[in-house]
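What the coordinates show
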Amino acid sequence: MYETPPACLTLSGAIMALTTTSGKIARTAIELAVEDVNRNTSILNGTLLNIHIRDSRQDSLTGVSAALELLRKGCVSIIGPQMSVVAEFVAHLGVAARVPVVTFAATNPSLSMHRYPYFIRMAPSDTPQMTAIAKLIDNYSWRDVVLVYVDDDMGTGSIPALDDALRAEGKVVYKAAVPPQADISTMRRFVEENLMRQESRVFIVHMPPESALTLFSEANKLRIISSEYVWIVTDAIASLLDSFNTTSLQLMNGVLGVKRSLPKTNQPRLNEFAKRWKQRFRAQNPEIPNLELNDRGLAAYDTVWAITFAIDHLLRGGLFDGDFSAASNKTKILNFRVFEGGEQLLKQILDTNFIGLSGPVRVSPKSGEILEFPYDIINMVGNSYKVIGSWTEAKGLQISSKQVVHWGRGSTKTPRGWAITAPGKIHRIGVPWDRGFTQFISVKPVHASAGARNQSYEITGFCIDVFKAVLKRLDYALPYELIPYGSGNVTADYYDDLVYQVHLQKFDAVVGDITVNSNRSKYVDFTQPYTETGLVMVVAIADEGSSEPWAFLRPFTPAMWITTVAFFIFTGAVVWLLEHRRNRQFRGTPRKQVLTFIWFSFSTLFTTQTEKIVSSLGRAVVIIWLFVVLVLVSSYTASLSSMLTVRQIVPKIESIDTLITQNLPIGYRQGTFIANYLEHQLYVNKSLLRPYTSVQEYAIALEEGTNNGGAGAIFDEETVAQNLFLSTRCNAFSKVGPTYRTGGYGFVFPKGSPLVSDISKAILNLSESTDMRQIRKRWFNSSESKCDAESGAVESTRLSFDNFWVLFLLTGGVSFLTLLYYLCRLLYRFVYRYENSCPHDKSISTRLRTFVSFADQKDIPPPKRKRCETVVWSYGTNGGSDDRRV
């Protein structure tokens, strides 16, 4: 029952882009909704609803101007705007005028009631559909995704939500932005430069339908809408597919889409309205004869009814009269008035709950957005599309197993989503055959059966295990066969020749202990190195025993020595100050006192002090200090004893300069680039170079020495020297000099191979895991860590300040506190005795000299009195002399 007489007219406004297809669809739906409301006599008590529709022309300024016009007319609500960029400006005005702004199409996630309290969205934001797309990508296990969008407010507003949703699923996201209003030539160049060069073959398109058609037209011409590619469109395109002609639909054959689902219930009412809408739309827009009603039109229709129900509820309660207050100071500049009933109307709209043509219409009071938003997953086939699945927030993604998905060119095989080589090809992988270093690559011929044409091999090793672990981390299978190169006899330039076979296309790749360097990179591509390495020099070592003349200083670090000496001096100074006035052994001429002070300070090391400590404070300081000295001496003695019994080793050759100046032979690994590096980079005479083929030959050459036909040093990769040679021979040989950095070990592929990127990423993933550590442990023994520990044992026994800081803090604190107490007591006695001694001269300098003189005086305790004396004076009464009685 209505409590107040109804007004004759209720005004509302609507802003949309009438030049777009979505705007035309919504306009027709809003007009029909107004007719249905005014035809229904059970609501609004006969009050007529009048909605003024204005065109934003897809321009923010025009949209704001239209909003101001509607507010000045006294509209109690504004439907739309359709575009998010316009809606944001209008939402500002809605807050100022307290007029609810109810949109059915602005989906930018940044628009919300948290920012604009009078903004309500009767359609879902882009966030749910972006989540649905991310789940769709994850369902097919596609990894890399390219987001294609127009670089305008529509794209930049929604793409972050899609980016976040994809990254939450662990996807690698690339972005490709189309320039706004791109023509055909610009779009073609964009496709060639930004899409065709991508490793990923999964593209998600979010842009206006007009731009999307241009994109798909050029993509078809360049043949990247095929069985190898995946194209997915958002609801911004999918919701308007019915407006596309046959030619446009054929351009999108095989494309997937996410489209808001139409209701499955209330079909008779929906069908009747769709028929009316189609008749009205065709009459208003004859240039689009075959367009069907979509979710945008249904949402616009339901928005009108949501506002109507809210006004009707207020009318029944006598809470609504459509009155506006006088303009406040805040809005005088824009010349519109504030709607007094705006807050009540906003609350009623948020309480909306009815079954509309688009389905259940319920708005969240917290977010101001519609609560239910199911989506269909569609597949473009021929001249139409079919629903292959659905997504809801409650149930997630559901793909129908009965529906066959058609991809580009009619293929029904799910695309891989990334670029690989020709399917079915078995890659010929060359491996080095070096009999001397089998931990890296071990090639063992397998006896072939009778009649077998080709020799087979058992190929294992560190490099092979790394390669297999890398392939497991790829998202696709890579068929291969391992083929050894050569016969096991390594010759000069063997590894360079092996790498060059890839350039000659005799191998598709090479796996092994192949060093990455600039010369090889001119004709092949290397993956990310799977080991960090460099050239090192290994020499024999000589045992020098414990003959170092300054070995007695090594137990303490330099900082520890300085600290210890400083505390000896500090403690001696404190004791001297405490004993100087009372102890005659600490008095005398300045020379004697200095000698006594120094002697006492360091004699505490041997506990042979001849000076007797008489003061209690001095005894406290000395006791603590003697304890500290005891600990220091004991620690020093133990550390020195340990050092004198540990082997002291030094290399026989200090640097490569020694080898060059003395013309000593230098060994290197046969067949590698090392000889060329030594000759051209380190300027070693070629006649001094000696090739070796195993670590056993390394050891023999170094043991024999330069005088017996051996070598003065061996140069090899750090990985070989550390893991194979020194790991079991660290007591006889050692690395010296700098490490000459190289590129490390990598896998070799032809120039421009698309596999390089994927395998490099897999190598990085392997390097960060524990699997690489396990592979190293399997092929290289653990003696390396033992050798490292032994070589660092001498240095680790040196004692530093960190080992004794608590002791120094203890003795320093006691000495400081006793000295502070002594000085305070001395100052008190000085003030008590001499405060009135110089009444006419109390300058600072005089007092300071007097205090120093007082402090230097010998302190003689006053004699004790045996009895008390009382002196009594009496005065004569006649002016005579006084009498004194004791």
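Residues numbered from 1 in each chain as written. Predicted model: local features only at pLDDT ≥ 70, side-chain atom pairs only at ≥ 80, totals over all residues. Heavy atoms only, no water.

**Structural notes on the overall build of the protein**
A tally of helices and strands in the protein yields 27 helices and 30 strands. Looking at the protein residue by residue over its 886 residues, the buried ones come to 49%. Surface summary for the protein: the accessible area is close to 44000 Å², and the carbon and sulfur share equals 53%. (Helix = DSSP H or I, 4+ residues; strand = E, 2+ residues; numbered from the N terminus. Buried < 20%, exposed > 50% of the residue type's maximum accessible area, 1.4 Å probe, protein only. Areas by Shrake-Rupley, 256 points an atom, 1.4 Å probe, with all protein chains shown as cover.)

**Regarding the side chain of T719**
The topology assignment puts T719 in helix α21 (residues 718–725). On the basis of relative accessibility, which here comes to 6%, the residue T719 falls in the buried class. Other than its neighbours up to four places away in sequence, T719 contacts F440, T531, E532, T533, L724 and Y745. (Contact = heavy atoms within 4.5 Å.)

**Notes on the sheet that holds strand β6 (residues 144–150)**
Read from one edge to the other, the open sheet built from 8 strands follows the order β7-β6-β8-β9-β10-β13-β14-β15, with strand pairing classed as mixed. What marks the edges here is a single partner per strand, and that holds for β7 (172–178) and β15 (396–399). Along the sheet, successive strands turn relative to each other by an average axial angle of 25°, direction set aside. Where strand β8 (residues 202–206) lies against strand β9 (residues 230–233), 4 bridges are found, and the strand directions are parallel. Paired with V205 across the bridge in β9 is V233. Helix-sheet contacts for helix α5 (residues 153–168) involve β6, β7 and β8, and the interaxial angle to β6 is about 170°. (Pairing = 2+ DSSP bridges. Axes fitted to C-alpha atoms, helices over the stretch in contact; angles between N-to-C directions.)

**What to know about the layout of surface pockets**
Of the voids in this model, the largest pocket is the one considered here, and its volume is about 820 Å³. Along its surface, the largest pocket is lined by 37 residues, and Q82, M83, S84, M154 and P208 are the ones closest to its centre. Looking at which element gives the most residues to the lining of the largest pocket, the answer is α5, with 4 residues. (1 Å grid on protein atoms, 1.4 Å probe; cavity = no way out; pocket = protein on both sides within 12 Å on 5 of 7 lines; lining within 4 Å. Points joined across faces, edges and corners; volume = space filled by probe spheres on them.)

**Regarding helix α10 (residues 267–284)**
For α10, which comprises 18 residues, the first-to-last C-alpha distance of 25 Å matches the rise-based estimate of 26 Å (1.5 Å per residue) to within 8%. All buried positions along α10 are accounted for by L270, F273, W277 and F281. Down the axis of α10, the smallest arc covering the buried residues is 70°, so these residues share one side. The outward face of α10, more than 90 degrees from its buried face, is lined by the exposed residues P268, K275, Q279 and A283. Looking at the packing, one finds that the buried side of α10 touches α1 (21–39) and α11 (295–316). (Expected span 1.5 Å × (residues − 1). Arc of directions from axis to C-beta.)

**Overview of the nonpolar core**
Of all hydrophobic cores here, the largest spans 79 residues; its most connected members are I30, I51, F104, F273, W277 and V304. Examining the composition of this core, we find that 12 residues originate from one element, α11, more than from any other. Not counting chain neighbours up to four residues away, the residues in contact with W277 comprise I25, T28, A29, L32, L291, E292 and L293. Counting residues in each nonpolar core, the second largest holds 67 residues, with F467, V511, F747 and F780 among its members. (Core = buried A, V, L, I, M, F, W, Y, C linked by side-chain atoms within 4.5 Å.)

**Points about the packing of α1 against α10**
Contact pair α1 / α10: the axes reach a minimum separation of 10 Å and the direction vectors enclose 125°. Classified by the angle between their axes, α1 and α10 sit oblique to one another. Read as a crossing pair, α1 and α10 show a hand that is right-handed. On α10, the residues touching K24, I25, T28, A29, E31, L32, E35, D36 and R39 of α1 are F273, R276, W277, R280, F281 and Q284. Grouping the constituent residues of the contact of α1 with α10 by class yields 6 nonpolar, 2 polar and 7 charged. (Parallel < 35°, antiparallel > 145°, perpendicular 65-115°, else oblique. Left-handed = near helix turned anticlockwise from the far one by under 90°. Nonpolar A, V, L, I, M, F, W, Y, C, P; charged D, E, K, R; others polar.)

**Overview of the confidence of the model for the protein**
Across the protein, the average pLDDT comes to 84, with 85% of residues at or above 70. The least confident element of the protein is helix α25 (residues 793–796), whose mean pLDDT is 40; the most confident is β9, at 97. Counting contacts from residues 789–796, a segment whose pLDDT is below 50, to residues more than four positions away or on other chains yields 7 contacts. Low pLDDT, under 50, characterises residues 870–886; the stretch is placed with 15 contacts to residues that sit more than four places away or in other chains. (pLDDT = per-residue confidence, 0-100.)

**Concerning empty space enclosed by the protein**
Following the criterion strictly, the structure yields 7 cavities of 30 Å³ or more and no others. Space inside the largest cavity adds up to approximately 80 Å³. What lines the largest cavity is Y495, D513, I514, T515, R520, R669, T672, F673, I674, D716, E717 and Y745. Looking at the lining of the largest cavity, its residues break down into 5 nonpolar, 2 polar and 5 charged.

**Digging into the packing of aromatic side chains**
Evaluation of the coordinates by the stated rule reveals 39 aromatic pairs. Seen in terms of ring centroids, F467 and Y480 are 5.4 Å apart; in terms of plane orientation they differ by 80°. Their pairing is edge-to-face. With F467 in helix α13 (residues 462–472) and Y480 in strand β19 (residues 480–485), this residue pair connects regions lying 13 residues apart in the sequence. Owing to a relative accessible area of 28%, Y480 belongs among the partly exposed residues under this scheme. Residues Y500 and Y523 carry aromatic rings whose centres are separated by 5.0 Å and whose planes lie at 75° to one another, so their mutual orientation is edge-to-face. Of this pair, Y500 sits in helix α14 (residues 494–503) while Y523 sits in the loop between β20 (509–510) and β21 (525–526), and the two are 23 residues apart along the sequence. Judged by relative accessible area, Y500 falls into the partly exposed class, the value being 34%. By the ring-pair criterion, three or more aromatic residues cluster together here, those being F440, F462, F467, Y480, Y530, Y745, F747 and F780. (Phe/Tyr/Trp six-rings, centres within 6.5 Å; stacked < 30°, edge-to-face > 60°.)

**Section: a nonpolar patch on the surface**
On the surface, V565, I569, V594, I598, F602, L605 and V633 cluster together into a nonpolar patch covering about 510 Å² of accessible area. Those elements that place two or more of their residues in the nonpolar patch are α15 (558–579) and α16 (590–603). Here the nonpolar patch gets 3 residues from one element, more than from any other, and that element is α16. Looking at the secondary structure, you find I569 in helix α15. The exposure class assigned to I569 is partly exposed, which follows from its relative accessible area of 41%. (Patch = residues over 30% accessible without salt bridge, like charges linked within 9 Å, V, L, I, M, F, W, Y side chains within 5 Å. Salt bridge = Lys/Arg side-chain N within 4 Å of Asp/Glu carboxyl O.)

**Digging into α1**
Given a rise of 1.5 Å per residue, 19 residues ought to cover 27 Å, and the 28 Å separating the end C-alpha atoms of α1 matches this to within 8%. Counting buried residues in α1 gives 15 out of 19 residues, a clear majority hidden from the surface.

**Considering the environment of L49**
If you trace the backbone, L49 turns up in strand β2 (residues 48–55). The exposure class of L49 is buried, given its relative accessible area of 5%. Counting along the chain gives 11 residues from L49 to N38, while the straight-line C-alpha distance between them is 6.3 Å. Sequence-distant contacts of L49, defined by excluding residues within four places in its chain, comprise T10, V34, V37, N38, L44, V304 and T308.

**Some remarks on the pattern of salt bridges**
Applying the stated criterion to the full structure yields 29 salt bridges. Its salt-bridge partner being R669, residue D513 comes within 2.7 Å of it at the nearest N-O pair. Placement of D513 in the loop between β20 and β21 and of R669 in strand β24 (residues 666–669) is noted, with a sequence separation of 156 residues between them. For the pair shown, D513 and R669 are each scored as buried. In this structure, a network of salt bridges that share partners links the residues R27, E31, E35 and R280.

**Structural notes on the packing of helix α4 (residues 126–139) against α5**
Running from N to C, α4 and α5 cross one another at 40°; their axes reach a closest spacing of 8 Å. Crossing geometry of α4 relative to α5 is assigned as right-handed. Residues D126, T127, M130, T131, I133, A134 and I137 of α4 pack against S158, A161, L162, A165 and L166 of α5. Taken together, the residues that form the contact of α4 with α5 break down as 8 nonpolar, 3 polar and 1 charged.

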